[in-house]
Amino acid sequence: MLGKLSWDVIPFDQPLPMIASAVVALAILGVLAWVFLAGHFPYLWREWITSVDHKRIGVMYTLLALLMLLRGFSDAVMMRSQQALAFQAPGYLPPDHFNQVFSAHGTIMIFFGAMPFVIGLMNLVVPLQLGVRDVAFPTLNSVSFWLTATGALLVNISLVIGEFARTGWLPYPPLSETAYSPGVGVDYYLWAVQISGVGTLLTGINFVTTILKMRAPGMSYLRMSMFCWTSLAASLLIVAAFPILTATLAMLTLDRYFGFHFFTNEAGGNMLMFVNLIWAWGHPEVYILVLPAFGIFSEVISTFSSKPLFGYRSMVAATLFICIVSFMVWLHHFFTMGAGADVNAAFGIATSIIAVGTGVKIYNWMFTMYGGRIRFATPMLWSLGFMVTFVIGGMTGVLLAVPPADFLLHNSLFLVAHFHNVIIGGVLFGAFAGYTYWFPKAFGFRLHEGWGKLAFWLTLIGFYVTFVPLYAVGLLGMTRRMQHFDVSAWYPWVLAAGVGMLITTAGVVAQIVQLVVSIRQRAALRDATGDPWDGRSLEWATPSPPPVFNFAALPHVEGEEPYWSIKQRAREQNRLRDEPDYEPIEMPRNSPTGFICAFFATVMGFALIWHIWWMVALGALGALATFVVFAWRDIPEYVIPAAEVARIDRANRSARREALVTYTGPRP
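Residues numbered from 1 in each chain as written. Predicted model: local features only at pLDDT ≥ 70, side-chain atom pairs only at ≥ 80, totals over all residues. Heavy atoms only, no water.

**Structural notes on a nonpolar patch on the surface**
Inference 1: A contiguous nonpolar patch, built from V24, I28, L29, L32, F36, F41, W45 and F595 and spanning about 720 Å² of accessible area, is present on the exposed surface.
Inference 2: Those elements that place two or more of their residues in the nonpolar patch are helix 1 (15-37) and helix 2 (41-49).
Inference 3: For the nonpolar patch, the leading source of residues is helix 1, giving five residues. (Patch = residues over 30% accessible without salt bridge, like charges linked within 9 Å, V, L, I, M, F, W, Y side chains within 5 Å. Areas by Shrake-Rupley, 256 points an atom, 1.4 Å probe, with all protein chains shown as cover. Salt bridge = Lys/Arg side-chain N within 4 Å of Asp/Glu carboxyl O. Helix = DSSP H or I, 4+ residues; strand = E, 2+ residues; numbered from the N terminus.)

Below you can see the structure in the form of structure tokens.
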């Protein structure tokens, strides 16, 4: 009746997971109790859970990412503290639990931390920068988010019901085959990633369609902001690469569930083919994450340097160059696999060449700052920290692109330090820059600068104190994923990395405090005009937060910086443009389709993990019924009256008119 599920799968004999899951469960129950008792649930259901507004969905993606980053960071703290205590000693984590911790850390940080963060910022900003009212497929956007949330939920369920994979963040066969991993840990991984991967693929399709087919009048490709370009490149990579991931994990699923032999040791299986396929997805995935971050840095550096982005067209070319070449470097992840010197040399050269695209961007950002009036606000600090950190990560990456060096450093902590140098220094610094930069656009008030700067400096210092020692100990020969070790030369470096983790933890606390303080002081931090940073792209032409329809009248774009030219003309003439002719606006209705589909996907995923086949059938039937009901709906849209559009727009125009009168900066 319940397949493999029984009381034995709950780890009553392991205090750490039981305590952790109890704390999480109590926190969730407390939040739910507060929501229901305070009467907030109808509002949450109406305005957030069933919302198809791209801005609300972007905020929910970002909130999910922040929560999962905290979850993944707790795993990192456990790993570093375990190794600090494990010199000639067992430490406090049993080997089996330690293996689950590092597997969950990588899976959560990539799939459910970094990916939702950049997709959330894309959702919030791209339609605004394009000058349109929503994405191409609003309800599909909601489905995408809730499927991602389903995957995150399944990973966290494994904390208390069953186990998680012990294979690392990529489940290499033969370790992930049934003979070596007979439990449900790999199955949790497979179904969580597959379900969330479908959501990500739908997001890629949605944004490719939106950017290519839905732009404001006059918004040609070479008038789009750089964040739109990098979001387009990342979305194209999603559409091209994620089917590879889906097919690869489907083959592994067939191996585990039905005795197929795609990647087994016997009956014609080839485990190295899994490595080949997973990295054919995996290296483009790095650029799916980092390209939107590059776009964020372009926006932030231009704004806070008070200058147009230097070399705009070369930045576009570099973005598309990286997009294409990212599919030609995957084999550098397994130079040691035996492909041969010629193949290794070809992929080593391609890996070095792709650094040229990033180099173009670095120089363009430097030239953007050169001669500008730089303001060292928190988003700009994250951007400057990125430039230094990412260059170091890039240089170590070029070193690893040399096959003889990779033979020595492969699978060492040097590789771990390089990877984190790129992902933290590039993706997370970019996400935090974008989070701080666009927070007032989403919520109508800025984040506290003092706490933000403290969080930046603690995070930057903590990062270097953590990962520079890992470079050193990797050069000394320490391999990754060691639960304990006996080499005395490694111990000081491991302790130093542990100290760095403590400093980083202080940075995390500072960011949490920043959010709490900002909410409490939101009246003083209010953004009245919708343009708190003196921005240059179209999202700053809307109120903060923007109305559901974004623009009272779609803007007509006449240059590369459409909002900046409008603003400069207003400052020159000391008056706003004439009011537009307000008209009624049609907007899509909210829909529970995404949430209901995610509910049935959760049921199906959990049932497939535990082989509860009748529950799988019910979940599939429920998902099908949801789609049929959605397809047969009669009223897909609603109309916002022209009078309501005029009222909202006039309030924003009044605030901007007042700001124009009191403007004291340089005029054209």
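That was the structure; now back to the text.
**Topic: the nonpolar core**
Inference 1: By size, the foremost hydrophobic cluster in this structure holds 180 residues, and its most contacted members are Y189, W281, F294, F297, W365, F386 and W438.
Inference 2: Other than its neighbours up to four places away in sequence, W438 contacts L121, L124, V125, Q129, F227, I296, E299, E539 and W540.
Inference 3: Within the second largest apolar cluster, eight residues are counted, among which are F549, A552, M587 and I640. (Core = buried A, V, L, I, M, F, W, Y, C linked by side-chain atoms within 4.5 Å. Buried < 20%, exposed > 50% of the residue type's maximum accessible area, 1.4 Å probe, protein only. Contact = heavy atoms within 4.5 Å.)

**With respect to the domain arrangement of the protein chain**
Inference 1: As assigned here, the protein chain comprises domain 1 (1-41) and domain 2 (50-591 + 633-661).
Inference 2: With centres defined by C-alpha atoms, the gap from domain 1 to domain 2 works out at 29 Å.
Inference 3: Counting from both sides, the interface comprises ten residues of domain 1 and, opposite them, ten residues of domain 2.
Inference 4: Here domain 1 packs against domain 2, burying approximately 740 Å² in sum over the two surfaces, 71% of which is carbon and sulfur.
Inference 5: Taken together, domain 1 and domain 2 are joined by zero salt bridges.
Inference 6: Scanning the region where domain 1 abuts domain 2 turns up one residue pair in polar contact (both at pLDDT 80 or more).
Inference 7: Of the residues assigned to the side of domain 1 that touches domain 2, the class counts are eight nonpolar, one polar and one charged. (Domains from an automatic or database assignment. Buried area = accessible area lost by both parts, 1.4 Å probe. Polar contact = N/O pair within 3.5 Å; in protein donor to acceptor, adjacent residues only side chain to side chain. Nonpolar A, V, L, I, M, F, W, Y, C, P; charged D, E, K, R; others polar.)

**Regarding the state of the cysteines**
Inference 1: Under the counting rule described, the total for this entry stands at zero disulfides.
Inference 2: Here C323 is not cross-linked by a disulfide; its sulfur's nearest cysteine counterpart is in C228, at 15 Å.
Inference 3: A relative accessible area of 11% places C323 in the buried class. (Disulfide = S-S within 2.5 Å.)

**As for the side chain of T358**
Inference 1: Here T358 lies in helix 10 (residues 341-369).
Inference 2: Not counting residues within four places of it along the chain, the set of residues in contact with T358 comprises F294, I322 and F390.

**Here we look at the pattern of salt bridges**
Inference 1: Here the structure, examined in full by the defined rule, presents 16 salt bridges.
Inference 2: In this structure, R571 and D534 form a salt bridge, with 2.9 Å as the shortest nitrogen-oxygen distance. Here R571 is found in helix 16 (residues 562-573), whereas its partner D534 is found in the loop between helix 15 (491-520) and helix 16, with 37 residues between them in sequence.
Inference 3: D534 gets classed as partly exposed once you look at its relative accessible area, which sits at 22%.
Inference 4: For the salt bridge of E644 with R647, the shortest nitrogen-to-oxygen distance reads 2.7 Å. Pair noted here: E644 and R647 are both in helix 19 (residues 642-661), with a separation of three residues, about one helical turn.
Inference 5: E644 gets classed as partly exposed once you look at its relative accessible area, which sits at 30%.
Inference 6: The structure contains a network of salt bridges with shared partners spanning D531, D534, K567 and R571.

**Some thoughts on the packing of helix 3 (residues 54-85) against helix 13 (residues 413-443)**
In a pair of packed helices, the angle between the axes and the distance between the axes together describe the arrangement.
Inference 1: Their axes nearest at 12 Å, the elements helix 3 and helix 13 cross at an angle of 140 degrees. As summarised for this structure, helix 3 and helix 13 are arranged oblique, according to the angle between their axes. In the crossing of helix 3 with helix 13, the sense of the turn from one axis to the other is left-handed. Note on element contacts: helix 13 touches helix 3 through L428, Y435, A442 and F443, opposite V59, T62, L66 and L69.
Inference 2: Residues that form the contact of helix 3 with helix 13 fall into these classes: seven nonpolar, one polar and no charged. (Axes fitted to C-alpha atoms, helices over the stretch in contact; angles between N-to-C directions. Parallel < 35°, antiparallel > 145°, perpendicular 65-115°, else oblique. Left-handed = near helix turned anticlockwise from the far one by under 90°.)

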